[in-house]
Amino acid sequence: MKVFPHLVASLAVFGLFLSPALAQQHSDAIRLNQIGFYPTAPKMAVIAAEEGDAFEIKDSKSGKTILKGKLGGVRTSQHSGRHTRIADFSGLRKPGSYIIEIAGLGKSATFRIASRVHRDVAEAALKGFYYQRASVELPEKFAGKWARPAGHPDDKVLIHASAISEGRPENAVISSARGWYDAGDYNKYIVNSGITMGTLLSLYEDYPLYFEDFNLNIPESNNGVPDLLDEVAWNLRWMLTMQDLADGGVYHKLTNPRFDGMVMPDAAKNPRYVVQKGAAATLDFVAVMAQASRVFKNFDNKFPGLADSCTTAAVKGWEWARKHPAVMYNQDAMNKQFDPDVVTGAYGDRSVKDEWIWAASEMYATTGKPEYIKEIDLELQQPMALPTWSQVKTLGYYTLLRFAEKLKLPAEQSAALRKNVLTYCDQLLSDLEKQPYHTVMGKTAQDYAWGSSSVAANQGIALMYAHSLSKDQKYLQAALGNLDYLLGRNATGYCFLTGFGSKRVMHPHHRPSIADGIVDPVPGLLSGGPNPGQQDKCTGYPNKFADESFADQDCSYASNEIAINWNAPMVYLAAALEATMK
Ligand code: 9MR
């Protein structure tokens, strides 16, 4: 092509050569919730640069300046030593679309101030579970461009040598269909389903009214049951099949021996097994079944018999765990003894004290029988532990607090539970003013564990409980701050929920998103987030700093996978805030 330099120069002056993307380019150093803010909420952007000392908020359409302010003092990241300054524009409450501009630095992408501003986020994150459904086709009507054929029918699952029992010899075949794929892989793990289901069922119990008009456009929508519970039922029905009815024990997981390749679900044809029963899986199962029986009791006409089946399953599981309290799932030991070797997600645990606390609390709340918690040390004098797949006692505390009055808990016990949660949240809040992103998330490097996004979301949930216990706004504001973190106010600048934000996660470690040939990843999935462990050894990490150790690459299973136990607290936090800020 012949080039006329003067013409190129003048066209460039008029911006005619700028692609729309470039024309809209915004400063990566301006970090904020890329979706927006509630009118009455605190509103902050973090400036991760040395430039600038003042900011302006402009109407995104007219370009008119709406508010001017000064940046706050310099804060230093404990992880990277980098400097940040806060632009606080909480004073702006008028609904609209805005950008923030820093002289010498540039502009942010457009964000909104609106009521119900996180409704789409909450809906999409819950719909994310629909996209994880195993054993069923996702038609275009519900799945849009991510429609796909059914995969993993799981109607012919083999009994692994580690899992034999009377009537179920090695390689006997059982049906164990439905359920959600755990994560970027296609296996189904009871332990991780446990915390996921507990979180979603608790969300329903804490905010039932909010889910009355929450329509996800899934096949069961408009069946007279909240979509949240329809989605939960998909996994619940699978979980029920994981109990060996001969003795009540629950298989640890349903899995291939090795991970499937990066293929679509229908292309994955490897044999699948249920493996060894264990105390952790069984107790998590008991907790979920007890809670589900309480919740589904109110929908008996829509799910005939389901609540009763859950109660029976819970009781049988409880009895099995009483008889086999020391059976731990140790994958390496199992592989030494049995074939084929299984090398998929282990979810192994060394102590089930916390699983007992959770299971006992749910059994007590459902049956009203105090004997379930009588012999259990609730460990209320110990500091609260944030829920993770391997540490679930606090899920039991949340349930006991929810039903404290109904169960007529002794005043002393209620007070201890309350203190446990509030003390934890007060510690989260300490030194908030010094934090580089003004979030309780990320104070210590330990927050950036594998799946750090779920740490932020679970801290947010704890803060929501602290708020409802105390009515103190500081907890609510800190919970909002962690949602801001997840949606962009963080040291990576990414919005961690797929399908959302101006700086998006595009390459999650998620088999369908990799294999489907569609540019956009499956939406509504929460990326794991920074993890300085960098166990995947991908080359795209920017550095080793805890808060920046994130690579938007599909090889990065340690920082950029998605998982149901991370999505569930994301749904909880977004929906609980929507319900509370309305
Ligand atoms: O979330 C799990 C994390 O806590 C563990 O450190 C990690 C390594 O064992 O495994 C994570 O869980 C993965 C599971 O084992 C398999 N499916 C994908 C999960 C998310 O990465």
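Participant: What's the story with the packing of aromatic side chains in this structure? I'm lost.
Facilitator: Note on aromatic pairs: each is described by the distance of the centres and the angle between the planes. All chains considered together, the criterion is met by 25 aromatic pairs. Over the ring of tryptophan 234 we find arginine 133; its NZ or CZ atom is 4.7 Å from the centre of that ring. Sitting over the face of the ring of tyrosine 494, lysine 503 holds its NZ or CZ atom 4.6 Å from the ring centroid.

Participant: So what exactly am I meant to see when it comes to the state of the cysteines here?
Facilitator: Applying the stated rule across the entire model yields 1 disulfide. Residue cysteine 538 pairs covalently with cysteine 555 via a disulfide, S to S 2.2 Å. Here cysteine 555 lies in the loop between helix H16 (511-515) and helix H17 (564-581) and cysteine 538 lies in the loop between H16 and H17, a separation of 17 residues in the sequence. Of the residues examined, cysteine 555 reaches a relative accessible area of 32% and is grouped as partly exposed.

Participant: Mind showing me how you'd approach helix H15 (residues 473-486) here?
Facilitator: The α-helix winds at 3.6 residues per turn, so residues separated by three or four positions along the chain end up facing the same way. Under the 1.5 Å per step criterion, the end-to-end length of H15 is 20 Å for 14 residues, consistent within 8% with the ideal 20 Å. Among all positions of H15, only Tyr475, Leu476, Ala478, Ala479, Leu480, Gly481, Asn482, Leu483, Asp484, Tyr485 and Leu486 are buried. Residues of H15 that are buried sit in contact with strand E2 (36-37), helix H13 (411-429), helix H14 (452-470) and H17. Taking the backbone nitrogen of lysine 474 as reference, a side-chain oxygen 3.0 Å away marks aspartate 472 as the first, capping residue of H15. Looking one or two residues beyond H15, the residue adopting positive phi is glycine 488, at roughly 140°.

Participant: Teacher, can you tell me more about the packing of helix H5 (residues 190-206) against H17 here?
Facilitator: When two helices pack together, you describe them by how their axes are tilted relative to each other and by the distance separating the axes. For the pair H5 and H17, interaxial distance at closest approach is 8 Å and the crossing angle is 10°. Taken together, the axes of H5 and H17 lie roughly parallel to each other. Viewed along their axes, H5 and H17 form a crossing whose handedness is left-handed. Listed contacts from H17 to Asn192, Ser193, Ile195, Thr196, Thr199, Leu200, Ser202, Leu203 and Asp206 of H5 are Ile564, Asn565, Ala568, Pro569, Val571, Tyr572, Ala575 and Ala576. The residue inventory of the contact of H5 with H17, partitioned by class, reads 10 nonpolar, 6 polar and 1 charged.

Participant: What is the right way to look at the site of the ligand in this model?
Facilitator: The immediate surroundings of the ligand are formed by Asp182, Ala183, Asp185, Tyr189, Gly345, Tyr347, Trp389, Trp450, Glu561 and Trp566. One of the side-chain N or O atoms of aspartate 185 is found 3.0 Å from a nitrogen atom in the ligand. Measuring from an oxygen atom of the ligand, one finds a side-chain N or O atom of tryptophan 389 at 2.9 Å. Calculation on the ligand without its partners gives an accessible area of 450 Å², and the protein chains cover 76% of this total.

Participant: Any chance you could explain the environment of isoleucine 190 here in plain terms?
Facilitator: Inspection of the secondary structure puts isoleucine 190 in helix H5. For the pair isoleucine 190 and tryptophan 238, spaced 48 residues apart in sequence, the C-alpha to C-alpha distance is 9.7 Å. Discounting chain neighbours no more than four positions away, the residues touching isoleucine 190 are Trp238, Met239, Met242, Val250, Tyr251, His252, Lys253, Ala281 and Phe285.

Participant: Before we go on, may I ask you to explain the sheet that holds strand E1 (residues 30-31) in this structure?
Facilitator: Whether parallel or antiparallel, the strands of a sheet pair through hydrogen bonds between backbone atoms. With respect to topology, 4 strands assemble into an open sheet ordered E1-E3-E7-E6, the strand pairing being antiparallel. At either margin of the open sheet sits one strand with a lone partner, and together these are E1 and strand E6 (75-76). Relative to strand E3 (residues 44-47), E1 runs antiparallel, the two being bridged by 2 bridges. Across the sheet, residue isoleucine 30 finds its bridge partner in E3, namely isoleucine 47.

Participant: Sorry if this is basic, but what is going on with the pairing of strand E8 (residues 96-102) here?
Facilitator: Within a regular strand, the side chains alternate between the two sheet faces. Among the 7 residues of E8, 5 are classified as buried, and the element is accordingly described as predominantly covered. Here E8 runs beside strand E10 (residues 111-113); their pairing, made up of 3 bridges, is antiparallel. By the bridge assignment for E10, serine 97 is matched with arginine 112. Relative to strand E9 (residues 106-107), E8 runs antiparallel, the two being bridged by 2 bridges. Opposite isoleucine 102, over in E9, you have glycine 106 as the bridge partner. What sits between E8 and E9 in their antiparallel hairpin is a turn of 3 residues, with glycine 104 showing a positive phi close to 90°.

Participant: Quick question: what am I supposed to make of the environment of serine 513 here?
Facilitator: Within the element layout of this structure, serine 513 appears in helix H16. Exposure remark for serine 513: the relative accessible area of 10% places this residue in the buried category. Setting aside its immediate chain neighbours within four residues, serine 513 contacts Pro508, Ile518, Pro521 and Val522. There is a polar contact of 2.7 Å between the side chain of serine 513 and the side chain of histidine 510. A distance of 3.0 Å separates a polar atom in the side chain of serine 513 from the backbone nitrogen of valine 522.

Participant: Explanation requested: the packing of helix H8 (residues 306-323) against helix H10 (residues 353-367) in the structure shown.
Facilitator: Where H8 contacts H10, the two axes come as close as 12 Å, and the packing angle between them is 145°. Note on packing geometry: the crossing formed by H8 with H10 is left-handed. Here Ala314, Val315, Trp318, Ala321 and Arg322 of H8 come into contact with H10, specifically with Trp356, Ala359, Ala360 and Met363. Partitioned by chemical class, the residues of the contact of H8 with H10 number 8 nonpolar, no polar and 1 charged.

Participant: I keep staring at the pairing of strand E5 (residues 65-70) and nothing clicks. Help me out?
Facilitator: Here 5 bridges tie strand E4 (residues 54-59) to E5, and the two strands are oriented antiparallel to one another. Bridging from a neighbouring strand, lysine 58 pairs with threonine 65 of E5. Between E4 and E5, which pair antiparallel and follow one another directly, the connecting turn spans 5 residues, one of which, glycine 63, has a positive phi of 75°.

Participant: What's the story with the confidence of the model for the chain in this structure? I'm lost.
Facilitator: Predicted coordinates in regions of low pLDDT should not be interpreted in detail. Residues at a pLDDT of 70 or more form 96% of the chain, whose mean pLDDT is 95. Taking the mean pLDDT of every element in the chain, the minimum, 38, falls on helix H1 (residues 5-13) and the maximum, 99, on H14. The model gives residues 1-23 a pLDDT under 50, and that stretch makes 5 contacts with residues more than four places away or in other chains.

Conventions we followed
- Residues numbered from 1 in each chain as written.
- Predicted model: local features only at pLDDT ≥ 70, side-chain atom pairs only at ≥ 80, totals over all residues.
- Heavy atoms only, no water.
- Phe/Tyr/Trp six-rings, centres within 6.5 Å; stacked < 30°, edge-to-face > 60°.
- Lys NZ or Arg CZ within 6 Å of the ring centre and 35° of its normal.
- Disulfide = S-S within 2.5 Å.
- Helix = DSSP H or I, 4+ residues; strand = E, 2+ residues; numbered from the N terminus.
- Buried < 20%, exposed > 50% of the residue type's maximum accessible area, 1.4 Å probe, protein only.
- Expected span 1.5 Å × (residues − 1).
- Contact = heavy atoms within 4.5 Å.
- Polar contact = N/O pair within 3.5 Å; in protein donor to acceptor, adjacent residues only side chain to side chain.
- Axes fitted to C-alpha atoms, helices over the stretch in contact; angles between N-to-C directions.
- Parallel < 35°, antiparallel > 145°, perpendicular 65-115°, else oblique.
- Left-handed = near helix turned anticlockwise from the far one by under 90°.
- Nonpolar A, V, L, I, M, F, W, Y, C, P; charged D, E, K, R; others polar.
- Near = heavy atom within 4 Å.
- Areas by Shrake-Rupley, 256 points an atom, 1.4 Å probe, with all protein chains shown as cover.
- Pairing = 2+ DSSP bridges.
- pLDDT = per-residue confidence, 0-100.

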